[in-house]
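What follows is the residue order along each chain.
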Amino acid sequence: MRVIAGEARSLPLKAPQGPDTRPTTDRIKETLFNMLQPYLPCSVFIDLCSGSGGIGIEAISRGARHAYFAENAREAAKCIADNLHFTKFEERATLLRQDAVSALMSIHEKHADIIFMDPPYQAGLEEPVLSALARMPYVDEDTLVIIEAALDRDFSFAGEHGFLVAREKRYKTNKHVFLKKTEKGNLPYEGCDLSGKL
């Protein structure tokens, strides 16, 4: 596993051992960040269920102003700390050794630009995290939320929490779901298609 592009390009990253952590492959990470690149410079990036921290570190390498890493597994959090030290990104990062929902309440930014989450597929964290995000003052209609999920994961609950599924990018074994907060709360947008903007 490595940093794909930017300041820390090609630097190797540590990954925690064991079945509880599933690092995003370089190929999928590159596809994702090719879509995100226009939004990264000077952004605030939140990496939930961070694992090795590879996604948030990639964001910093490509120009994010600051990244928050939320990870409550001890070995994974140590990997993130080691990787931030190795890439010299410690001053542009905050490591929160907490679960995803608790970590969101520990962030005090005026605005978060991109929030990424790659939870264990069977843990059911997507809905409680979206519910928490709906109450966070730094999440608004300009915040992009991305969740890595199993191909069969249904996101029909998103509207109940005031989010719209703007796009799904499907791969062989999983998918990225792009969500935006709606101005009308639980009411769905008509004709709102962000696929051309991502």
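Up top is the structure.
Attention here is on the structure that accompanies the text. (Residues numbered from 1 in each chain as written. Predicted model: local features only at pLDDT ≥ 70, side-chain atom pairs only at ≥ 80, totals over all residues. Heavy atoms only, no water.)

## Details of the nonpolar core
Then, in step 1: Residues Leu-48, Leu-130 and Leu-133 are the most contacted members of the largest nonpolar core, which totals 30 residues.
Then, in step 2: Of all the secondary structure elements, the ones that give two or more residues to this core are strand E1 (44-48), strand E2 (66-70), helix H4 (100-105), strand E4 (114-117), helix H5 (126-133), strand E5 (144-150) and strand E7 (174-181).
Then, in step 3: Sorting elements by how many residues they give to this core places H5 first, with four residues.
Then, in step 4: When near neighbours in sequence (up to four residues on either side) are disregarded, Leu-48 contacts Ala-70, Ala-100, Leu-104, Ile-115, Phe-116, Met-117, Asp-118 and Val-129.
Then, in step 5: Counting 27 residues, the second-largest nonpolar core is a separate cluster that includes Met-35, Ala-67, Ile-80 and Phe-89. (Core = buried A, V, L, I, M, F, W, Y, C linked by side-chain atoms within 4.5 Å. Buried < 20%, exposed > 50% of the residue type's maximum accessible area, 1.4 Å probe, protein only. Helix = DSSP H or I, 4+ residues; strand = E, 2+ residues; numbered from the N terminus. Contact = heavy atoms within 4.5 Å.)

## Looking at the environment of Ser-10
Then, in step 1: With respect to the element layout, Ser-10 can be found in the segment before helix H1 (26-36).
Then, in step 2: Among the residues examined, Ser-10 registers a relative accessible area of 47% and is labelled partly exposed.
Then, in step 3: Not counting residues within four places of it along the chain, the set of residues in contact with Ser-10 comprises Arg-2 and Val-3.

## Quick notes on the packing of H1 against helix H2 (residues 54-61)
Then, in step 1: Contact geometry of H1 with H2 gives a least axis separation of 11 Å together with a crossing angle of 45°. Accordingly, the angle class assigned to the pair H1 and H2 is oblique. The two elements H1 and H2 cross, and the hand of that crossing is right-handed. Two secondary-structure elements touch here, H1 through Lys-29, Leu-32 and Phe-33 and H2 through Gly-54, Ile-55, Glu-58 and Ala-59.
Then, in step 2: Classifying every residue of the contact of H1 with H2 by side-chain character gives four nonpolar, one polar and two charged. (Axes fitted to C-alpha atoms, helices over the stretch in contact; angles between N-to-C directions. Parallel < 35°, antiparallel > 145°, perpendicular 65-115°, else oblique. Left-handed = near helix turned anticlockwise from the far one by under 90°. Nonpolar A, V, L, I, M, F, W, Y, C, P; charged D, E, K, R; others polar.)

## Overview of the sheet that holds E2
Then, in step 1: The strand order E3-E2-E1-E4-E5-E7-E6 describes an open sheet built from seven strands, whose pairing is mixed. Unpaired on one side and paired on the other, strand E3 (93-96) and strand E6 (163-170) mark the two borders of the sheet. This sheet shows a mean twist of 20° between the axes of neighbouring strands, independent of strand direction.
Then, in step 2: Across seven bridges, the pairing between E6 and E7 is antiparallel. Along E7, the bridge assignment pairs Phe-163 with Lys-181.
Then, in step 3: Packed on one face of the sheet, helix H3 (residues 74-87) meets E2 and E3 and runs near 165° to E3. (Pairing = 2+ DSSP bridges.)

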